[in-house]
Structures are given as C-alpha cells and as structure tokens.
Amino acid sequence: MSDAAVISARGARRWLGGHPWIFKSDVVRPPAGPAGGAPVTDPSGRPLGVALWSPTSEISLRFVSRQMDAALDQAWWRERLAAALARRAELLDAGTNACRLVHGEGDGLPSLVVDRYDRWLVVQLLSAGLEAFRAPVITALGELTGAEGILARNDVSVRAREGLPRAVELLSGAVPETVEVREHGVRYLAAPHTGQKTGAFLDQREARLLAGTVSRGRALDLFSYHGSFALHLATRADHVRAVDSSAAALARAAENAALNGRTNIECVEADAFDFLRDEERAGARYETIVLDPPAFAKNRASISGALRGYREINRRAMRLLAPGGFLYTASCSYHVGKDDFLGMLGLAAGESGRRMILRAVTGQPTDHPEVLTIPETGYLKGALVEAGTD
Ligand code: SAH
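Residue positions within a chain follow its written sequence, with the count starting from 1. The predicted nature of this model means local features are confined to residues of pLDDT at least 70 and side-chain atom pairs, given and counted, to a pLDDT of 80 or more, with totals for whole chains, interfaces and linings taken over all residues. Side-chain descriptors were evaluated using all non-hydrogen atoms of the structure, hydrogens and water having been removed beforehand.

Enquirer: Mind showing me how you'd approach the environment of Ala251 here?
Expert: Each helix is a run of DSSP H or I of at least 4 residues and each strand a run of E of at least 2, with the numbering of both proceeding from the N terminus. The topology assignment puts Ala251 in helix H9 (residues 247-259). We classify Ala251 as partly exposed; its relative accessible area is 47%. In this structure the C-alpha to C-alpha distance between Ala251 and Tyr225, which are 26 residues apart in sequence, comes to 9.4 Å. Accessible area is worked out with a 1.4 Å probe on protein chains only. A residue is then buried under 20% of its type maximum, exposed over 50%, and partly exposed in between.

Enquirer: Explain helix H1 (residues 9-16) here, please?
Expert: Note: α-helices contain 3.6 residues per turn, so residues at a spacing of three or four share the same orientation. When H1 is considered as a whole, its buried residues turn out to be Gly11, Ala12 and Trp15. Projected down its long axis, H1 shows its buried positions confined to an angular sector of 100°, all on one face. In the core, the buried residues of H1 are packed alongside strand E1 (5-7), strand E2 (21-23), strand E5 (47-53) and strand E6 (59-65). Positive phi appears at Gly18, one or two residues downstream of H1, with a value of about 100°. Working definition: the arc comes from the directions between the helix axis and the C-beta atoms, pointing outward to the latter. Any pair of residues with heavy atoms lying within 4.5 Å of one another is described as a contacting pair.

Enquirer: Mind showing me how you'd approach the pattern of salt bridges here?
Expert: For this analysis, a salt bridge means a side-chain nitrogen from Lys or Arg found within 4 Å of a carboxyl oxygen belonging to Asp or Glu. Counted by the stated rule, this structure contains 31 salt bridges. Among the salt bridges present, the one from Glu169 reaches Arg134, with a minimum N-O distance of 3.3 Å. With a gap of 35 residues between them, Glu169 in strand E11 (residues 167-173) and Arg134 in helix H5 (residues 134-145) connect regions that are remote in the sequence. Take Arg134: its relative accessible area is 19%, and that puts it in the buried class. Between Arg277 and Glu312 there is a salt bridge; the shortest N-O distance is 3.9 Å.

Enquirer: When you look at the packing of aromatic side chains in this model, what are you seeing that I'm missing?
Expert: Aromatic ring pairs are described here by two measures, namely the spacing of the ring centres and the angle between the planes. Within 6.5 Å between ring centres, the rings of Phe, Tyr and Trp (the latter by its six-membered ring) count as paired, and their orientation is classed by plane angle as stacked under 30 degrees, edge-to-face over 60, tilted in between. Summed over all chains, the structure comprises 9 aromatic pairs. Chaining the aromatic ring pairs together yields one cluster made of Phe223, Phe273, Phe296 and Tyr310. A ring has a charge above it when a Lys NZ or an Arg CZ is no more than 6 Å from the ring centre and no more than 35 degrees off the ring normal. Directly above the ring of Trp15 sits Arg66, whose terminal nitrogen or CZ lies 5.1 Å from the centroid. Its guanidinium or amino end placed over the ring of Phe229, Arg208 lies 5.9 Å from that ring's centre, counting from NZ or CZ.

Enquirer: What should I look at first to understand unusual backbone geometry in this one?
Expert: In terms of backbone geometry, most residues other than glycine have negative phi values and most peptide bonds are trans. Of note in this structure, Ser111 is not a glycine but carries a positive phi near 65°. Mapped onto the secondary structure, Ser111 falls in the loop between strand E7 (98-103) and strand E8 (112-117). Its identity is not glycine, yet Tyr225 carries a phi of approximately 55°, on the positive side. Within the secondary structure, Tyr225 is located in the loop between strand E14 (218-222) and helix H8 (228-233). Owing to a relative accessible area of 11%, Tyr225 belongs among the buried residues under this scheme.

Enquirer: Got a minute to help me understand the pairing of strand E4 (residues 36-41) in this structure?
Expert: In summary, the side chains of a regular strand alternate between the two faces of the sheet. A strand pair is defined by DSSP finding two or more bridges across the two strands. Summarising the sheet, E1 and E4 pair through 2 bridges and their orientation is parallel. By the bridge assignment, Ala5 is partnered in E4 with Val40. Relative to E5, E4 is paired through 6 bridges, and the arrangement is antiparallel. Counted as the bridge partner of Gly37 is Leu52 from E5. Between E4 and E5, which follow one another and run antiparallel, lie 5 residues, and Gly45 among them has a positive phi close to 90°.

Enquirer: I tried to follow the site of the ligand on my own but got confused; where do I start?
Expert: If you check the shell around the ligand, you find 16 residues, and the closest are Arg208, Asp244, Asp271, Ala272 and Asp292. Ala272 is positioned with one of its backbone polar atoms (N or O) 2.8 Å from a nitrogen atom of the ligand. Contact between the ligand and Asp292: a nitrogen atom at 2.7 Å from a side-chain N or O atom of the residue. Surface accessibility in these figures is a Shrake-Rupley result with a 1.4 Å probe; residues are shielded only by whichever protein chains are displayed. Isolated, the ligand exposes 580 Å² of accessible area, and the fraction of that covered by the protein chains is 88%. Across the shell around the ligand, the residue classes break down as 7 nonpolar, 5 polar and 4 charged. Proximity is defined per residue: if any heavy atom of the residue lies within 4 Å of a molecule or strand, that residue is considered near it. Two N or O atoms form a polar contact when they lie within 3.5 Å of each other; inside protein one atom must be a possible hydrogen donor and the other a possible acceptor, and for residues adjacent in sequence the pair counts only when both atoms belong to side chains. Amino acid classes used here: Ala, Val, Leu, Ile, Met, Phe, Trp, Tyr, Cys and Pro are nonpolar; Asp, Glu, Lys and Arg are charged; the rest, including Gly, are polar.

Enquirer: Any chance you could explain empty space enclosed by the protein here in plain terms?
Expert: A water-sized probe rolled over the atoms picks out the places where empty space is left. Two kinds of site are reported from a 1 Å grid over the protein atoms alone, namely cavities, where a 1.4 Å probe fits but cannot get out, and pockets, open sets with protein on both sides within 12 Å along at least five of seven lines, and residues are called lining when an atom falls within 4 Å of a point. Grid points are joined across faces, edges and corners, and a volume is the space filled by probe spheres set on the points. Under the criterion given, the structure shown has 1 cavity of 30 Å³ or more. Of the voids in this model, the largest cavity is the one considered here, and its volume is about 30 Å³. Taken together, Tyr188, Leu189, Ala190, Gly199, Ala200, Phe201, Tyr225, His226 and Ser228 make up the lining of the largest cavity. The dominant element in the lining of the largest cavity, judged by the number of residues it contributes, is strand E13 (residues 186-190), at 3 residues. Looking at the lining of the largest cavity residue by residue, the class counts come to 6 nonpolar, 3 polar and no charged.

In structure tokens:
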C-alpha cells in the first residue's frame, strides 16, 4: 500500500477502539489525492481500512470501512444506506411518516444526515470527504426510498470548516415549503427549506408521546418552537400555554393547533426565563410542564454557564408544579453529559423545596442511534419527574 495515507499509532488506536475520526495532528502522511476516499495504514504499514478525506478540516479522516479494498462506488453506498433504512422499517410503520433515516456516525455513514418527511428527503453533507460522493449517495437514496424530492440543508456552519460552500439546494425533484407530519395521532407542519435543523425536531418524537400520556389539567410547553409538544399535551390537558421568544415560531404553532382542531392551546411570546420568574411571583400552578430549551452549551467553555441556566429553569419549573404534577425536561447540549444533567436536576430539586421523583430517564429515539464508542453520536437526554404530594 505505497499510496495509502499513514496515521500515527495514536490515531490507529483510536480507530481500532471504535472511533472513526482522525484529527490533523495524527496524520503522518496525508492521502495523495483530493477530497474523497483514501486507504489508510498505521506507521508500520498495517492496513486500517478506508476513510473519507477532508483536506482542510481539523478532522482529516473519517473511517467508513475496515476493508482496505472497499470501493466506495454506487453499490457500496447503496448497501450501507440500505442497512440504515432497514433499521427504521418498523418505526415508519408505527404511527409516523417522518423520521431520521441516517444519523451520521451512528449509522456508519460519517457526516451524513438524512431525514424523511413523508414522501420527501432532507439531507446534510457535512464533510468534504463525503461531499465528493454526493452523486452516488443521492442516487442511491432516490432509488431506495422512491422520494419525490431531495433537498440539501447544507446551510450549516460546520461546512465552512470543511472548506465547503453553505447553501440550501434542491438535489432532485421538488420539495414543498411545508410537509404535514403525522406523529402518533398528532399532525404538524415541518418546514424543510427554512425550519430549524432539517425542518422539525424529530429527535423529540418519543419524548412528546411520553409527555402527552402524562399530561393533564393546566399545561405549559416552554421553548415550544412550532408547538409540537403542546399538541401532544393538548390531547389530555384542559389548557396548554405554548411559550417561545420567536413570534414566527409561534405563528406556526398556532397554525398547527388549528390543523389539529385544538382550541385549548394559547401561544405566549415571551422569554422563558422571564416568564417562569413572573409566574412564580404570581403563585401560578401547572399540572404538566415541558422544558425543551435550545443547547445552552455550544462548546466546552460554556458548560458551567449552561448548567446554571438549566438549573434555574428547572428549579423554577419544579416550584410551579402542582402536587402530583409532571415535568418533562430535556437538554440537547452534547457538552452536558447524562451525569451532568441528572446532577443538575438533583440540585434544582433541592433548591425547589419540593420532593421530586424521577419517573423516567430518556435518551435519543431509535432512529438517532448512539454508538457506545462514539460519544458525539449522543447529545439528547431527558427526564420525567413527578412532584410529590407531601
Ligand atoms: N420543543 C420544540 C423544539 C424547541 S427548539 C420541539 O419539540 O419541536 C428551541 C426553541 O426555543 C426555539 O423555538 C427558540 O425560538 C426558543 N427559544 C430560545 N431561547 C428562548 C428563550 N430565552 N425564551 C423562550 N424561547 C426561547
């Protein structure tokens, strides 16, 4: 393998230990060619497999196969994608028409995200090495799913670090501005071209179902976005207040409420921190509360500030709970781990002066698979807690 790239012994250990990323500092001899597939060996020439090569990225190589002769041709991509799709077959039969089909490294397809919204796909190609295989990936996805249109939401900042342009591009067919998502008896509109992520927060699907099943009385959905938690809460609660700081997000939430014929959802434009403080002062009580904030910790340096923020909203939400009431609370910050999250909840509970019972700890749904040796594939954690009656 004289033309293979060479990585350090440390890099090789990382891959053999189950993590596919090789950083620039572990590349001893970079691949000869442009961005694309590259065979890789360790310093002694031992074959390690084939990786996607990103010449300008800090993550230089992302392994995709242990086979040195993996062709990365149309058939190879098709087989890898088919395996990812097969993993979701049961999910799509069971109450929803939208789910993640490919969760990057979680599906052995580094830097590729594919979400299905009914008959349409939204993809993200997040590395230069993967971008080089755009044609076979998109062709195989079209063939395997029969999608009527494929949209690339490549307007994300990680593309800049890969030296790639940022843009929303239609790759095949046509994709409507809004797609109606069915989710366990609730319907909402996803916005593939303009919405957050790829158009909706598919990763909270199972949590929304869980929150809906315990919902009753007066309910609160904080950081509501398009109101998808609120819609589930409204199936059992008398009244739901959907709170978000974005008027545009709430306009869509109101549209979604109407789509479901719900008249018990009230949209409130407010900062969630201020809203919680004001409600606490006013002595308000809620039987059901959902806290699904954006990632407060965007990087390692902001972890302690983020934990203070999470602790404050959770403490306040706990104080607002009626005896026997339920709080579903989540964090999507990758940098705040499961232990940090549960530790923060314990502190918030202590400060709330209430007896809080942990009823369930939740993670990512099955279409967002986490690989045990790749921490970056997991970011979402949540908990269902119940306020004691004494
Ligand atoms: N729960 C939603 C996703 C929430 S995304 C779902 O399941 O689909 C986070 C939302 O928080 C965004 O809509 C954003 O507008 C809102 N947001 C961010 N900071 C906020 C703040 N300080 N107060 C209220 N809403 C905020």
